Structures are given as C-alpha cells and as structure tokens.
Amino acid sequence: MAAGEREGRDYLRRHRIPELLHRLAALLLYHRPERPREFLMEALERVKAGKRAEGEYPYLMDEANLAAMFQLLDVVGQGHITPAQYREALKTLGLSTEDLQFGDDENITLEVFKEEVKKKMLESWAVY
C-alpha cells in the first residue's frame, strides 16, 4: 500500500468517517426521505446540536422499534432477555458492546433494554 493511501485510511479511521457514513446511510434507508440530501444535512445539524446539548441526536430506532426488537428476542414472553441477547442486539444495531454492566445471571427487562440502547445510541453519535 502506498504511503498516501495509508495516510488517507488513517485519516478516515482517526475521524471515524466510515462509521459516520454507515450511520447516515442507515438513517437514509430507514426513513427513505423524498429529499435525501436535505435529510442528510438536517441529520448532521442534529448531530452538531446534540453535541452542543441544544437538541437530540438522530435516532434510527424509536420506542416502537425497540419494543418490537425486544419482543423478537423474548420469544417465550418472559418479560426479560439475557445479557447475551442484549449484546447481540447491540451488535445488530452497530452499537458498542464495551463497558456492559450486566452479569451473565441478570435479566434485562423491556424498560432497561430501551433505556440502555438509547444510551448506547447517544454515545455512538457523541464521538463525531
């Protein structure tokens, strides 16, 4: 690999550009706006406002989506999922599984699931 290419890759990695583009593409595919360029500009403005604590970061999953995801994981309807299932849900959403505070014997309820996933979503946007 040439030095210029390596420097370019390092630059993109250092500024987390591939992750940012992946998140923006996911938002586009989820919402499918009529005016995608304007939608992307608004999403980036929301990221800026979120960093300044003047607004909310863009969400890919709303309350109903998170509840549906939880129900898919809680196949027998126990009202809770395992930490392993939670970890897989985070991976599926492209969110960090580092620093999880749940022991293997703990159960995660719907409310905890929604709260923790939202927290991870906020953390994921805050790095930009």
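Cut-off values and rules
- Residues numbered from 1 in each chain as written.
- Predicted model: local features only at pLDDT ≥ 70, side-chain atom pairs only at ≥ 80, totals over all residues.
- Heavy atoms only, no water.
- pLDDT = per-residue confidence, 0-100.
- Helix = DSSP H or I, 4+ residues; strand = E, 2+ residues; numbered from the N terminus.
- Core = buried A, V, L, I, M, F, W, Y, C linked by side-chain atoms within 4.5 Å.
- Buried < 20%, exposed > 50% of the residue type's maximum accessible area, 1.4 Å probe, protein only.
- Contact = heavy atoms within 4.5 Å.
- Phe/Tyr/Trp six-rings, centres within 6.5 Å; stacked < 30°, edge-to-face > 60°.

Turning our attention to the confidence of the model for the chain. Interpretation of this model should avoid reading the predicted coordinates in detail wherever pLDDT is low. Per-residue confidence for the chain averages 87 on the pLDDT scale, and 98% of its residues sit at or above 70. When mean pLDDT is taken per element in the chain, strand β1 (residues 80-81) scores highest with 95 and helix α6 (residues 110-126) scores lowest with 87.

In terms of nonpolar packing, the biggest core is built from 15 residues, with Tyr86, Phe113 and Val117 touching the most fellow members. Elements represented by at least two residues in this core include exactly α4 (63-73), α5 (83-92) and α6. Every residue in contact with Val117, bar those within four places of it in the chain, is listed here: Leu66, Tyr86, Leu90, Leu93 and Leu95.

As enumerated under the stated definition, the model contains 3 aromatic pairs in all. Aromatic side chains Phe70 and Phe113 sit 5.5 Å apart centroid to centroid with 55° between the ring planes, which places their arrangement in the tilted category. Here Phe70 is found in helix α4, whereas its partner Phe113 is found in helix α6, with 43 residues between them in sequence. Taking relative accessible area as the criterion, Phe70 reaches 4% and is therefore assigned buried. Geometrically, the ring pair formed by Tyr86 and Phe102 is edge-to-face, given 5.5 Å between the ring centres and 85° between the ring planes. One end of the pair, Tyr86, is in helix α5; the other, Phe102, is in the loop between α5 and β2 (108-109), and 16 residues separate them in sequence. With respect to class, Tyr86 is no different from Phe102; both count as buried. Grouped by ring-pair contacts, the aromatic residues Phe70, Tyr86, Phe102 and Phe113 constitute a single cluster.

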